[in-house]
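The residues making up each chain are set out below.
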2 protein chains.
Amino acid sequence: MENIEERKYGVRKLEISDKSKGFIELLQQLSVCDSVSDRDFENRFRELSAVGDDHVIGVIEDEASGKIIATGSVFIEKKFLRNCGKVGHIEDVVVDSSARGKHLGKRIISFLTEHARSMGCYKVILDCSLDNKAFYEKCGFHNKSIQMAMYFAHN
Amino acid sequence: MENIEERKYGVRKLEISDKSKGFIELLQQLSVCDSVSDRDFENRFRELSAVGDDHVIGVIEDEASGKIIATGSVFIEKKFLRNCGKVGHIEDVVVDSSARGKHLGKRIISFLTEHARSMGCYKVILDCSLDNKAFYEKCGFHNKSIQMAMYFAHN
């Protein structure tokens, strides 16, 4: 049973054709995101592809509908601290509202943390609301500190 | 008076010669960091230089002693969210313990946030302990969420 689920809801890297599979609409469930033009999407996709394993976006495609129903990204920060160590930063994790309860979020997080580990990171971090703390604890994270933000007026 | 201080404690970008000016020893005040070999330092310096304005490390050098007495870094994350928006991530901010009270931390943060703004970021974020919340509020930040972390055993 696990193997069937594994195949059905496996995580793969974002592909350029995923724009037409609802990738942007999925992100809109997370935060402000107008529709993105094909050109802007392709430019950003190529910018991220150029850094290779230093920035990876995972997605789960629902085979039945052909839609992207879960995603999350991780990028690798290179430091001088920790003996020139590396840190994985997880961002923009979202599961389609119609696909909750299938542990897809956990699959995405596992894919991203394993990528960070394989890149030699000494830790992986993320910011989340207090509401999501318990979910990330189940994924093996613990609360470390607080996040501060400053928004710029030009956007 | 402000101009004299400005010249004396101006922020500039990290240079490869800053290793011999106590840059790594300064980082050791923040977190675990063994001594870094010249070769490892130069390799990491070149890796970061290769991404140009996407990863900037600011430093303040004390003219009298020739030592680096404050530093902080910012790197630019490129998203699909927020209409292919960009976010500045501030990391590894530290002021030498002998140079506290001169508002050097504020100068570093101002340098890093201005860099993020000039790069077209819609926000700049950082993680800190509860103890440093008031400092970052004075710098114009507000508490947004919590940070979760997972440490890997291989380090």
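- Where an unreviewed UniProt entry is consulted, chain A appears under the name Glucosamine 6-phosphate N-acetyltransferase, with the organism given as Vigna mungo.
- In its Subcellular location (unreviewed entry) section, the UniProt entry covering chain A states "Endoplasmic reticulum membrane".
- The UniProt entry for chain A carries the following comment under Sequence similarities (unreviewed entry): "Belongs to the acetyltransferase family. GNA1 subfamily."

Thoughts on the interface of chain B and chain A
- Listed per partner, the contact involves 65 residues of chain B and 65 residues of chain A.
- Taken together, chain B and chain A are joined by six salt bridges.
- For Glu91(A), the salt bridge goes to Lys79(B), with nearest N and O atoms at 3.0 Å.
- At the junction of chain B with chain A, the criterion picks out 30 residue pairs in polar contact (both at pLDDT 80 or more).
- Per-element tally for the side of chain B that touches chain A: the top contributor is strand E6 (residues 142–151) of chain B, with ten residues.
- The class makeup of the residues in the side of chain B that touches chain A is 33 nonpolar, 15 polar and 17 charged.
- Two strands pair when backbone bridges link them, and strand E5 (residues 123–128) of chain A and E6(B) are joined in this way by six bridges, in the antiparallel orientation. Bridging across to E6(B), Cys128(A) finds its partner in Ile146(B).

Points about the side chain of Glu77(A)
- Structurally, Glu77(A) can be placed in strand E3 (residues 67–78).
- Overall, Glu77(A) belongs to the buried group, its relative accessible area being 2%.
- At 3.2 Å, the side chain of Glu77(A) and the side chain of Lys79(A) are in polar contact.
- At 2.8 Å, the side chain of Glu77(A) and the side chain of His89(A) are in polar contact.
- Apart from residues no more than four positions distant in its own chain, Glu77(A) is found in contact with Gly85(A), Lys86(A), Val87(A), His89(A), His55(B), Phe75(B), Glu91(B) and Asp92(B).

Comments concerning the pattern of salt bridges
- Inspection of every chain in the model, using the stated rule, returns 30 salt bridges over all chains.
- Lys133(B) serves as the salt-bridge partner of Glu137(B), at 3.2 Å between the closest nitrogen and oxygen. You can see Glu137(B) and its partner Lys133(B) sitting in helix H6 (residues 133–138), four residues apart, about one turn around the helix.
- With a relative accessible area of 39%, Glu137(B) lands in the partly exposed category.
- In the salt-bridge network here, residues are joined through shared partners; they are Arg12(A), Glu15(A), Asp18(A), Lys21(A) and Glu61(A).

Description of the relation of the copies chain B and chain A
- If you rotate chain B by 180° and push it 0.0 Å along the axis, it lands on chain A with an RMSD of 0.0 Å. On this basis, the relationship between the two copies can be described by a two-fold rotation axis. Within chain B, the C-alpha atom positioned nearest to the axis of rotation is that of Ile146(B), 2.2 Å from it.
- Most of the interface of chain B is mirrored in chain A, where 100% of its interface residues are also at the interface.

A short note on the sheet that holds E6(B)
- A sheet is described by the order of its strands in space; here twelve strands give the open sequence E1(A)-E2(A)-E3(A)-E4(A)-E5(A)-E6(B)-E6(A)-E5(B)-E4(B)-E3(B)-E2(B)-E1(B), paired in mixed fashion. Both outer strands of the open sheet, strand E1 (11–13) of chain A together with strand E1 (11–13) of chain B, are each paired with one neighbouring strand and no more. Neighbour-to-neighbour, the strand axes of the sheet open up by a mean angle of 30°, direction not taken into account.
- Sheet topology places E3(A) next to strand E4 (residues 86–95) of chain A; eight bridges connect them, and they run antiparallel. From the neighbouring strand, Glu77(A) faces E4(A), where its bridge partner is Val87(A).
- Set on the sheet, helix H5 (residues 104–118) of chain B makes contact with strand E6 (142–151) of chain A together with E1, strand E2 (55–62), strand E3 (67–78), strand E4 (86–95) and strand E5 (123–128) of chain B; between it and E3(B) the angle comes to about 25°.

Section: unusual backbone geometry
- Within the chain, His103(A) stands out as a residue other than glycine whose phi angle is a positive 60°.
- Take His103(A): it is sitting in the loop between E4 and helix H5 (104–118).
- Positive phi, close to 55°, is recorded for Arg82(B), a residue that is not glycine.
- For Arg82(B), the location among the structural elements is in helix H4 (residues 81–84).
- Since its relative accessible area comes to 24%, Arg82(B) is described here as partly exposed.

Reading the values: the criteria
- Residues numbered from 1 in each chain as written.
- Chains lettered and ligands numbered in written order.
- Predicted model: local features only at pLDDT ≥ 70, side-chain atom pairs only at ≥ 80, totals over all residues.
- Heavy atoms only, no water.
- UniProt positions renumbered as here; feature names shortened; annotations may be inferred.
- Contact = heavy atoms within 4.5 Å.
- Salt bridge = Lys/Arg side-chain N within 4 Å of Asp/Glu carboxyl O.
- Polar contact = N/O pair within 3.5 Å; in protein donor to acceptor, adjacent residues only side chain to side chain.
- Helix = DSSP H or I, 4+ residues; strand = E, 2+ residues; numbered from the N terminus.
- Nonpolar A, V, L, I, M, F, W, Y, C, P; charged D, E, K, R; others polar.
- Pairing = 2+ DSSP bridges.
- Buried < 20%, exposed > 50% of the residue type's maximum accessible area, 1.4 Å probe, protein only.
- Least-squares fit on C-alpha atoms with pLDDT ≥ 70 in both.
- Axes fitted to C-alpha atoms, helices over the stretch in contact; angles between N-to-C directions.

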